[in-house]
Amino acid sequence: MLEFKNVSIRLPDGSSSNPFSLVVNEGECVCFQGPEGSGKTALLMAVMGLVPIETGFITIDGELVSSGSGGYFRKMMAYVPQHVPREDMTLRELYTHVAQLKVNVHEPYNESSIQNNLKLLGLGSSLINKEMRTLDKETIQLAMLAVVPLLKKKIILLDNLSQTAVTSQWVSDLTAAGSEVIYTCETNQMQCHKIINI
């Protein structure tokens, strides 16, 4: 269980976001909705213990998330960013990199399962050989979503999720498998259990 209690964060302009409280239970999907620059990405970073919060606290199963405990909790999480840090690699290289991260080494890299998931997401399996710089943002995000179920994480964080029928079904399948899913967007268009306006 992921809990936010009176949480606010410092925004780029120096002000603080409005505090909110929330409990995310197993199998629930939550949307953080708000305009660009409202702190949605920073909130996901705070869940991972990478960004400090201004007020309140975040806990996972009753244990406080902080910069010191973040490394432990990140082992329970999968994160799909809104921008990939390097576009000069192929998707295969990205998947290999993700599999080699310390938080993921317990799950073996399974390219055939990734290719199957690419097909389920409406993408061709040959996409795995494409450089990310040749792909649009939505395709890259779908390709990154293909690996998420294989990581078997309890908490899934999706930053600026492209909202389509395919991604909606994918998120629904992740929650049905018991994951706690939090996604961010400017205006929510998908079914979810709770919406927090940031």
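Glancing now at the environment of E180. Examined against the element boundaries, E180 turns out to sit in strand β8 (residues 180-185). Between the alpha carbons of E180 and M1 there is a distance of 7.9 Å; along the sequence they are 179 residues apart. With residues near it in sequence (within four places) discarded, E180 still touches M1, L2, V24, N25, E26, G27, E28, K154, I155 and I156. Among the polar contacts listed, one links the side chain of E180 to the backbone nitrogen of M1, at a separation of 3.3 Å.

Attention now goes to the confidence of the model for the chain. Segments scoring low in pLDDT should not have their predicted coordinates read at a detailed level. Taken over all residues, the pLDDT of the chain has a mean of 92, while the share at 70 or more is 100%. The secondary structure element of the chain with the lowest average pLDDT is helix α3 (residues 91-100), at 88, and the one with the highest is strand β7 (residues 155-158), at 98.

Attention shifts here to the nonpolar core. Counting 37 residues, the largest nonpolar core has L91, Y95, L118, L145, L158 and Y183 as the members making the most contacts within it. Take this core: its biggest share by element is 5 residues, from helix α5 (residues 137-145). With residues near it in sequence (within four places) discarded, Y95 still touches Y109, I114, L118, I128, A143, M144, A146 and V147. Formed by 26 residues, the second largest nonpolar core is a distinct cluster that contains I9, V47, I60 and M76.

Parameters and conventions
- Residues numbered from 1 in each chain as written.
- Predicted model: local features only at pLDDT ≥ 70, side-chain atom pairs only at ≥ 80, totals over all residues.
- Heavy atoms only, no water.
- Helix = DSSP H or I, 4+ residues; strand = E, 2+ residues; numbered from the N terminus.
- Contact = heavy atoms within 4.5 Å.
- Polar contact = N/O pair within 3.5 Å; in protein donor to acceptor, adjacent residues only side chain to side chain.
- pLDDT = per-residue confidence, 0-100.
- Core = buried A, V, L, I, M, F, W, Y, C linked by side-chain atoms within 4.5 Å.
- Buried < 20%, exposed > 50% of the residue type's maximum accessible area, 1.4 Å probe, protein only.

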